[in-house]
Amino acid sequence: MSFDVDVVLRRGDRRFACRIAPAPGLTVLFGPSGAGKTTVLNMLAGLVRPDRGHVRVRERTLFDSAAGIDVAIARRQAGYVFQEARLFPHLRVRSNLRYGARRAAREGALIGFDEAVALLELKPLLDRWPRTLSGGEARRVAIGRALLSGARFLLLDEPMSSLDRNRREEVMRTIERLRDELALPMLMVTHDPGEVQRLAGAVVEM
Amino acid sequence: MSPEEWTVVWLSLRVGGVAVAAALPVAFALAWLLARGRFPGRVLLDGIVHLPLVLPPVVTGWLLLLAFAPAGPVGALLERWTGETVLFRWTGAAIAAAVMALPLMVRAMRLSIEAVDRRLESAARTLGAGRVRVFATITLPLSLPGVLAGAVLGFARALGEFGATITFVSNVPGETQTLPLAIYDALQVPGREPAVLRLAILSVALALAALVVSEVLTRRSGRRLHVL
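Rules behind the numbers
- Residues numbered from 1 in each chain as written.
- Chains lettered and ligands numbered in written order.
- Predicted model: local features only at pLDDT ≥ 70, side-chain atom pairs only at ≥ 80, totals over all residues.
- UniProt positions renumbered as here; feature names shortened; annotations may be inferred.
- Helix = DSSP H or I, 4+ residues; strand = E, 2+ residues; numbered from the N terminus.
- Buried ≥ 20, exposed ≤ 12 C-beta atoms within 10 Å, placed from the backbone.
- Contact = placed C-beta atoms within 7 Å.
- Nonpolar A, V, L, I, M, F, W, Y, C, P; charged D, E, K, R; others polar.
- Axes fitted to C-alpha atoms, helices over the stretch in contact; angles between N-to-C directions.
- Parallel < 35°, antiparallel > 145°, perpendicular 65-115°, else oblique.
- Left-handed = near helix turned anticlockwise from the far one by under 90°.
- Pairing = 2+ DSSP bridges.

- The name that an unreviewed UniProt entry assigns to chain B is Molybdenum transport system permease, with the source organism given as Sphingomonas desiccabilis.
- The annotation that UniProt attaches to chain B under Function (unreviewed entry) is "Part of the binding-protein-dependent transport system for molybdenum; probably responsible for the translocation of the substrate across the membrane."
- UniProt annotates chain B under Sequence similarities (unreviewed entry) with the comment "Belongs to the binding-protein-dependent transport system permease family. CysTW subfamily."

- In the nomenclature of an unreviewed UniProt entry, chain A corresponds to ATP-binding cassette domain-containing protein from the organism Sphingomonas desiccabilis.

### Quick look at the overall build of chain B
Logical step 1: The secondary structure content of chain B amounts to 10 helices and 0 strands.
Logical step 2: Across its three principal directions, the C-alpha atoms of chain B cover 65 × 40 × 30 Å.
Logical step 3: Burial status across chain B gives 41% buried among its 228 residues.
Logical step 4: A fraction of 76% describes how many contacts in chain B between residues 6 or more apart in sequence connect residues 24 or more apart.

### A look at the interface of chain A and chain B
Logical step 1: Facing 22 residues of chain A, the contacting portion of chain B comprises 19 residues.
Logical step 2: At the level of elements, strand S7 (78-81), helix H3 (101-107) and helix H5 (135-147) of chain A are the ones that each hand at least two residues to the side of chain A that touches chain B.
Logical step 3: Its residues assigned to classes, the side of chain A that touches chain B comprises 12 nonpolar, 4 polar and 6 charged.

### Some remarks on the packing of helix H3 (residues 57-68) of chain B against helix H5 (residues 90-114) of chain B
Residues and elements named next belong to chain B.
Logical step 1: Two numbers describe how H3 lies on H5: the axes approach to 11 Å, and their chain directions differ by 130°. Between H3 and H5, the crossing angle belongs to the class labelled oblique. When you trace H3 past H5, the crossing you get is right-handed. Together, Pro57, Thr60, Gly61, Leu64 and Phe68 of H3 and Gly92, Ile95, Ala96, Val99 and Met100 of H5 make up the contact between the two elements.

### Remarks on the sheet that holds strand S6 (residues 69-70) of chain A
Strand-to-strand pairing in sheets goes through backbone hydrogen bonds, with the strands running parallel or antiparallel.
Residues and elements named next belong to chain A.
Logical step 1: With respect to topology, 5 strands assemble into an open sheet ordered S2-S1-S4-S5-S6, the strand pairing being antiparallel. Of all strands in the sheet, those bounded by a partner on one side alone are strand S2 (14-20) and S6.
Logical step 2: Where strand S4 (residues 52-57) lies against strand S5 (residues 60-64), 4 bridges are found, and the strand directions are antiparallel. Among the inter-strand pairings, Val57 is bridged to a residue of S5, identified as Arg60.
Logical step 3: Strand contacts of helix H1 (residues 37-45): strand S1 (3-11), S2 and S4, with the helix running at about 115° to S1, the strand carrying the most contacts.

In structure tokens form, the structure reads like this:
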């Protein structure tokens, strides 16, 4: 069992509703921009609080309006890869990757540091500053940082957007490896039918 | 320069340094409240913080005098707790300088706190950091250049303080006579123009150096705030 989500959120006169049924592998949130896909990821990570509904991931309830449960952001163990990477500009790649190490040590690490560096081919980047990275490199570092934070699931917000074809392929292969080698529940936002075709185990249309 | 002039310079640096060190945590807390706080009376607090910037310095000095006089609310407390007074003392000059420097420091720090990308803070929280750790590892380091720039600017302002100081703690050589007060004093006596010139040049040099350092720090912080 991976994602079990049923949430409703009202913002002004707009209403977002999303239902995600448990499915193995990678689940894709698919739809036009403005449909609230990123908002759904934010609700899973705890950055946005739904008006009502529930969020359960791998049997653990993170939010349940009826039961009054709302797990703090820091304790949700969501590996959130933001669309803009959001690497910490004042820390080198190595320190960015280690930022979540405390929680990983406490909760049990999914993957070791060296293992993640090898998997994502980050070794040559470790001593670089985030501003010197290309878009694809920054994405890979962001994925590594999320993996190394003791995450129980991954949230990927358009991980291939604004990348050229080669970089896109590089990130896509990375995601496939994560899906197959780590068996980690992943929820990915995209509006590219090709990515859906290639990666998705289940599709939620918004 | 004469030994008296060196005394003036040393005293000015000490008054300015102590003033900035004392004002720094207060200024940062105020800047944080004004940048991030959502509470009733925020506009009023903003106004009060900026008051010394627009009020005639003589009025600020007089208000300090009222507060710190032996019978005044703060002065009476100080007297009871420490048996000391700050009137006619260098500590009083530091208080006047701190109050006058505070608005400038708060302004610079507030801008730098507002410039911190809050999306980085939420990213840190998804990685397991609590509020304190987010502040210590993300917000503070990213706003640090602006905080330092504010402190340097405040130091320059403290060195130049005149009106509030002379009203509050008078012009006592070796105790409250900082650079501007010494220049003013020397101007009253015929034949001391060379001393005025030396002290004035020193003032310009210190002020210019502070402005350059502050500008460099501000630019550096601007460059480092890119997200991707």
